[in-house]
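Breakdown of the fold
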Amino acid sequence: MAWRNLWRHRRRTVLTLASMAFGMTLAVLFTGIGDEGYARMIELAAKMDGGHVTVQHPEMLDTPSLKHTVMDATALADTARADPQVSRVVTRINGQVLLATARQSKGAAFIAFDPKAEDPATFSLLEALHEGEMFASSNDKGIILGERLADHLGVKLGKKVVLTLTDKQGEIVSSLARVTGIIRTGAPTIDASLCLLPLDRVRQTLGYGPDEATQVAIFLPDHRNTATVADRLATTVAGRAVALPWYEAKAELAGFIAMKVNSTLFMEVLIMLLVAAGIFNQIFVSVMERSREFGIMMAIGFSPGRLFRLVMWESLWLAIVGVGVGAAITSVPYYLGHTRGIDMTAMVGGAGKKAEVAGVALEPIWRIAIYPENAVYILVAVVGATLLSGLYPAWRSGRVVPVDSIKLV
Amino acid sequence: MIRTTRRTILALLAALLTVGLSPALAWAAPPDPSSPAFGAYVMSKLDDQYRGEKSHAKMAMEIKTEHWTRKLTMEAWSLGQDYSLVRILKPRKEKGTATLKAKKDLFTYLNKTGRTIKISSGMMGGSWMGSHFTNDDLIRHSRLARDYHIKTTFNGTKGGVGVYDFTLTPKPDAPVVWGKLVITIRAADLEPLRQVFYDEDGAPVRELVFSDHKKIDDRVVPLKMVMRPLDSSGHPGTEYTRITYQSLDFGVKLKKSFFSLQKLKSL
Amino acid sequence: MAWRNVWRNTRRSLVTIAAASLALFVLIHYAGLVTGYIEGMERNLVEREMGDAQIHAAGFRDDPSLYERIEDPVALLAKLDQAGYAASARLLGGGLAAAGDTSAGVMFRGIDVERDGRVSTIGQHVAEGQWLDPADPKGVVIGRRLARTLNVKQGAEVVVLSQAADGSMANDVFIVRGVLKAVGEGVDRAGMYMIDATFRELMVVPDGAHQVIVRKPATVPLATAAAQLRALTPGLDTKSWRELSPTLASMFDSARGVMIFMFMIVYAAIGILLLNAMLMAVFERIREFGVLKALGAGPGAVFRMIFYETYIQVGIAILVGTALSVPGLWYLTQYGIDTGRMGGMTIHGVAWDPVWRASVSTSTYSGPIVTLIVIVSLAALYPAFKAAWVRPVQAMTHR
């Protein structure tokens, strides 16, 4: 009976369903953009430096220095790899180096890694290799420079650069490297002050042990497990290192994402409110219009409670159909957004340009991908809002006084 | 520009610290000039002429750049390869400022404020005492005989003087920025006359000219050195740094304890 | 009659009014916050670091050396003052700062504290300690990250070393008077602000200046100001901040573009929801309209009546929405949203203010209001037509 009641006023029901569907679509799309967007930003940041969870010396975060090392990095890396929620683990050395050529010298930051163990999935910079080649091995005597850095030093591929570093004992050491490659990321700060070196060669130069490094970077296929993985590792490394989740290692990025997540949430709540207002209207009106009907029903023996349940069932049906229609309508834009994405290139200033946020270069194409739980939340919210909207009218329907209402025309 | 000038005066440091800081050394007789060992011998002599046991010297350094000219008077002590202390005597504004090298650490004491800074790797490119030296020059011991392949490329007369030219190319792993060095040695006494530094592309970057060779104690040392940056076609510019030794003493008594931070301040 | 109609069904009208008011409230706040975001970023850049325009000696930007100076900054500043521009001169030079065992490359910035306060708000961005004071010539204020690298806090000693203009060794010991909040990459990493007299003595630069920062009056557009300034400074290199940082300029422009895109989506969403509300409101009254027409009202009359009713409701909604927005926006402009943890984040090298404030102008209100009226008008069209052309008999028997 509740079902039939719904369809008695087809137009009104359709309108309400339309607004529910629309609200749902908006919510899903926004959340989808967000979920995907943030996951990507986090992934990008992880791939640039540090991974999702970073294991490093306890003092490294506050006072970066080549003296603050992790002694048994290899063993730690193995332990981390065994974790089921972890996909990749790499070992690195990061620090500052002075680069000198016959005519110029400049300080730069360096990242030393094992070219055999890493690829663009762990180190996004590798994709930015513009000229030349990657190191042949971890012992290679090459160096890869950011494009602007290379310009400043006046070197090209194959030319030599003398590296000067302060080793673990605080002594100054030098070694020679030849430019094997040039990277171009488009982000000005990176291209002008970053260089890449092979891990074992740097270990030798700095006098590190064969298992020593400054950072173990851990990558997760699902960034939402970061906290649990970090906690597990923290107990393993306690005393000699810390396991930092990305949101502690990169607090600024975390803040940015938090802000965006909150504002999206805020918008969704608003949309839900507006939708709920419409639903409330619909149900209330239908109840009011049927006062006479309800009066008659009560007169013939329907209890207020039954009327209440009747109206609530109508709400529920409304909710179910609404969700169904909503899902159907959402699927088209979602599919498009998921596979092709929204191209914001024009907004960012043309092809090839990237926005740089907290040191991370971002792609200008927005893809949509919603985490299943969030989709469920939205569904529940829609159904919940509908049911809630139905409460008051349902209650009112039970308060109808039969005699009065039957008198109504 | 000051920058290129600074960068071009690498070996001046070595000269500064060691010419005149070299002791009396008895040299074995040189091998025959036509033998392959000759070059290595001469370069070793050059290297060792710049190293020594103990020394004490006073020198004047004149620096001319595009924007200013400066004269400094300095006093220097050295003990072996690991210890040296250089102190500014003039101008008065900087009197007392000193640089201490102890093993692989480098410190600069600034008289004006009484503070001492430890020179870290990032500062290696920076200028030493306002000169064209870099701090890096002070620390680095690039040993010619060890870090370069040596070939005799000329044997004859230039400007009426019999000379040898040695062309030095860095060994593959030597941490030196140069592509090539050409050193001109006087044939008669195997004293250095000129050293030209080339970058990897073969362009001359700077030259070091030695003169005023004198016998001090039992060795011959050039008392004057001038380092000049060269432009890309090899012509000297207007900038230079000239070091002239005013006094040298190899018989001075020195102990390691002399080379300490406290000494820096109390001198 | 329209008025009475509105109040005949209070509940229905109230719901519609409430929906429209809420929509307006949201739109106004959204407009305020978004404008605040974009303007905030630009303002950070202009007010704290770059100024609206900068003047340098002709060769300085290509080769930033101690020797490329503007020769007579005093006269130049006087000229700019007269032309109505706020300006201040700065001295720039590179060097080294050391504390304990660590050292870092720094950029000294010698400023005239009083004048600088007219062109830059950086003096208000001290996180720890205080800004410069001419009475404390050895007090310096350093960037956030520099403080971290050197591991110093307020009150700590820092030794500086550099090469003075006459070739001598410039060195001195300064006290950290303050540490800045995040300003931008360059300043955070290597910025050391000092009194201009201190710089002059340290680096032996008795006259001249390396950079003049200029702020234009608010009413003058940037391009015009740049042109005027160039006319006033022959022989010198004068550029607006957009010309000096084209990537930043395009980033801000694109941020605006993205925001407008979001705006449109929000407006569309709200529009559709309102449309729904209005449609329902009209369809509920189909019988009523049937009666009216049966009584002789023509389609035009019905049409007009609906529109009047709509506008009355919207009018009330506007009043309510605006009234409620005023305190909300006031709060947001004064206190803003504290994004706390983000303090110090940089976007494209420009620091983000941890407190997100709204920026309010007439357009913050007028934009959403006008849009609401337009949306509502459009939303009312279909139902109004339907109502106007309803056939009396059918309508009256409509269930």
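Whatever comes next refers back to the structure up there.
All of these numbers come straight from a predicted model, not from anything done at the bench. Numbering of residues begins from 1 in every chain and follows the order in which that chain's sequence is written. Each chain is given a letter, starting from A, and each ligand a number, starting from 1, according to the order in which they appear as written. Totals for whole chains, interfaces and linings use all residues, but because this is a predicted model, local features are given only for residues with pLDDT of at least 70 and pairs of side-chain atoms are given and counted only at 80 or more. Side-chain calculation: all heavy atoms of the structure are included, whereas hydrogens and water are not.

**Description of the interface of chain B and chain C**
Here is the rule we go by: Residue contacts follow a heavy-atom distance rule, with two residues in contact if any of their heavy atoms lie within 4.5 Å. A quick way to say it: buried area is the sum, across both parts, of accessible area lost when two parts are put together, with a 1.4 Å probe. We count a salt bridge whenever a side-chain nitrogen from Lys or Arg sits within 4 Å of a carboxyl oxygen from Asp or Glu. Contacts described as polar in this section are N or O atom pairs within 3.5 Å, which, within protein, must combine one atom able to donate a hydrogen with one able to accept it, while residues neighboring in sequence count only if both atoms come from side chains. Helix and strand labels come from DSSP, where a helix needs a run of H or I of at least four residues and a strand needs a run of E of at least two; each type is numbered from the N terminus. Three residue categories are used. Nonpolar comprises Ala, Val, Leu, Ile, Met, Phe, Trp, Tyr, Cys and Pro, charged comprises Asp, Glu, Lys and Arg, and polar comprises the others, including Gly.
Between chain B and chain C, the contact holds 22 residues from the first and 21 residues from the second. It is Trp68(B), Lys112(B) and Arg115(B) that lose the most area in chain B upon contact with chain C, and together they represent 26% of the buried surface on that side. The tally of links from chain B across to chain C stands at two salt bridges. A salt bridge links Lys112(B) to Asp172(C), with the shortest nitrogen-to-oxygen separation between them at 3.3 Å. The interface formed by chain B and chain C includes seven residue pairs in polar contact (both at pLDDT 80 or more). At the level of elements, helix H1 (2-7), strand E5 (105-110) and strand E6 (115-118) of chain B are the ones that each hand at least two residues to the side of chain B that touches chain C. With three residues, the top contributor of residues to the side of chain B that touches chain C is E6(B). For the side of chain B that touches chain C, a count of residues per class yields seven nonpolar, eight polar and seven charged.

**Concerning the pattern of salt bridges**
The condition is simple: Each residue is placed in one exposure class: buried if its accessible area under a 1.4 Å probe, protein chains only, is under 20% of its type's maximum, exposed if it is over 50%, and partly exposed if it falls in between.
Applying the stated criterion to the full structure yields 33 salt bridges over all chains. The salt bridge involving Glu157(C) is made with Arg115(B); its shortest N-O contact spans 2.3 Å. A residue pair is termed interchain when its members come from two chains, as with Glu157(C) in strand E6 (residues 157-163) and Arg115(B) in strand E6. Overall, Glu157(C) belongs to the partly exposed group, its relative accessible area being 37%. Looking at Arg115(B), the relative accessible area reads 25%, which means it is partly exposed. Through salt bridges with shared partners, a single network forms among Asp222(A), Arg224(A) and Glu373(A).

**Some thoughts on the environment of Leu6(A)**
All names here are of chain A. For Leu 6, the position within the fold is in helix H1 (residues 2-8). Since its relative accessible area comes to 6%, Leu 6 is described here as buried. Put simply, Leu 6 and Ile 111 are 105 residues apart on the chain and 65 Å apart in space, counted from C-alpha to C-alpha. The residues contacting Leu 6, other than those within four sequence positions of it, are Thr 13, Glu 314, Trp 317 and Leu 318.

**Notes on the environment of Tyr37(C)**
Residue and element names in this part refer to chain C. For Tyr 37, the position within the fold is in helix H2 (residues 10-50). Owing to a relative accessible area of 12%, Tyr 37 belongs among the buried residues under this scheme. Between the C-alpha atom of Tyr 37 and that of Ala 89, which follows or precedes it by 52 residues, the distance is 29 Å.

**Observations regarding unusual backbone geometry**
A cis amide bond, omega 5°, links Lys90(B) with the succeeding residue Pro91(B). Examined against the element boundaries, Pro91(B) turns out to sit in the loop between strand E3 (83-90) and strand E4 (98-102). With phi around 60°, Leu190(B) is a residue other than glycine that occupies positive phi space. Relative accessible area serves as the criterion here: at 10%, Leu190(B) is assigned to the buried category. Even without being glycine, Val204(C) reaches a positive phi, approximately 55°. Residue Val204(C) is classed as partly exposed on the basis of its relative accessible area of 27%.

**Some thoughts on helix H12 (residues 299-334) of chain C**
We count it as follows: Multiplying 1.5 Å by the residue count of a helix minus one yields the expected span of that helix. Note on bend: at a given residue it equals the angle between the axes fitted to the 7 residues ending there and to the 7 starting there.
In this model H12(C) runs 51 Å from its N-terminal to its C-terminal C-alpha over 36 residues, within 8% of the 52 Å that 1.5 Å per residue would give. Its axis deflected by about 30° at Val326(C), H12(C) carries its strongest bend there, up to four residues before the proline Pro327(C).

**Description of the packing of aromatic side chains**
Rule in force here: Two rings belonging to Phe, Tyr or Trp (six-membered ring only in the last case) form a pair when the distance between their centres is within 6.5 Å. Interplanar angles under 30 degrees mark stacking, angles over 60 mark edge-to-face geometry, and anything in between is tilted. Put simply, a charge is over a ring when the Lys NZ or the Arg CZ is close to the ring centre, within 6 Å, and near the line of the ring normal, within 35 degrees.
Within the structure shown, the criterion is met by 13 aromatic pairs over all chains. Ring centres of Tyr83(B) and Phe259(B) lie 5.7 Å apart, and the angle between their planes is 40°; on these two criteria the pair is classed as tilted. Pair noted here: Tyr83(B) is in strand E3 and Phe259(B) is in the loop between strand E13 (240-249) and helix H6 (261-266), with a separation of 176 residues, a long-range link. Phe259(B) shares its class with Tyr83(B); the two are buried. Members of the aromatic cluster, each reached through a chain of ring pairs, are Trp77(B), Tyr83(B), Phe258(B) and Phe259(B). One cation-aromatic arrangement involves Arg92(A) over Phe123(A); the distance from NZ or CZ to the ring centre is 4.4 Å. A cation over an aromatic ring shows up here: Arg206(B) above the ring of Phe197(B), its NZ or CZ 4.4 Å from the ring centre.

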